[in-house]
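# Remarks on the overall topology
Chain residues, written in single-letter form:
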Amino acid sequence: MTDERISEMIDTAEESSYEYRDFYIETLEAWQDDHFDNAVEVHNTIWNANNGTVGKAYGLMSESEESAYIERHFE
């Protein structure tokens, strides 16, 4: 998640009438300040709002797990 993308998403949310507008703005502002510790809660809130049945989050990846994921999927 880049700073530019977060800013774009905040702008979109602020201009919207999304049902979860305030939630998105609060989340994105935290991310803008490099506070991603809410990622599981954010994921599951959005997942539940969309009646998710597969893919519920249970925890954050460790640094080594995240590095391996990035290497496997983005390098």
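On to unusual backbone geometry, then. Glycine aside, residues mostly have negative phi, and peptide bonds are mostly found in the trans state. You will see that D34, though not glycine, has its phi angle at about 65°, which is positive. Tracing the sequence through the fold places D34 in the loop between helix 2 (21-32) and helix 3 (39-49). In this structure, N51 is a non-glycine residue whose phi angle is positive, near 55°. Mapping N51 onto the fold places it in the loop between helix 3 and helix 4 (63-74). Residue classification places N51 among the exposed residues on the basis of a relative accessible area of 65%.

Packing of helix 2 against helix 3 leaves a shortest axis separation of 11 Å and a crossing angle of 155°. Classed by the angle they form, the pair helix 2 and helix 3 counts as roughly antiparallel. When you trace helix 2 past helix 3, the crossing you get is left-handed. Of the residues in helix 3, those touching helix 2 at F23, Y24, T27 and W31 are V42, T45 and I46. Looking at the contact of helix 2 with helix 3, its residues break down into five nonpolar, two polar and no charged.

What counts and how
- Throughout this description, residue numbers start from 1 for each chain and increase along the sequence as written.
- Only residues with pLDDT of at least 70 get local features here, since the model is predicted, and only at 80 or more are side-chain atom pairs given and counted; chain-wide, interface and lining totals rely on the full set of residues.
- Heavy atoms throughout the structure, all of them, feed into the side-chain values; hydrogens and water do not.
- In this text, helices come from DSSP runs of H or I with a minimum length of four residues, and strands from runs of E with a minimum of two, each type numbered from the N-terminal end.
- Summary of the burial criterion: residues with accessible area below 20% of their type's maximum are buried, those above 50% are exposed, and those between are partly exposed, where the area comes from a 1.4 Å probe applied to protein chains only.
- Interaxial angles span 0 to 180 degrees and are taken between N-to-C directions of axes, which are lines fitted to C-alpha atoms, for helices over the stretch in contact.
- Geometric relationships in this document are graded by angle, where less than 35 degrees denotes roughly parallel, more than 145 denotes roughly antiparallel, 65 to 115 denotes roughly perpendicular, and other angles denote oblique.
- A clockwise turn of the near helix away from the far one marks a right-handed crossing, whereas an anticlockwise turn of less than a right angle marks a left-handed crossing.
- Here, two residues are considered to be in contact whenever any of their heavy atoms come within 4.5 Å of each other.
- Three residue categories are used. Nonpolar comprises Ala, Val, Leu, Ile, Met, Phe, Trp, Tyr, Cys and Pro, charged comprises Asp, Glu, Lys and Arg, and polar comprises the others, including Gly.

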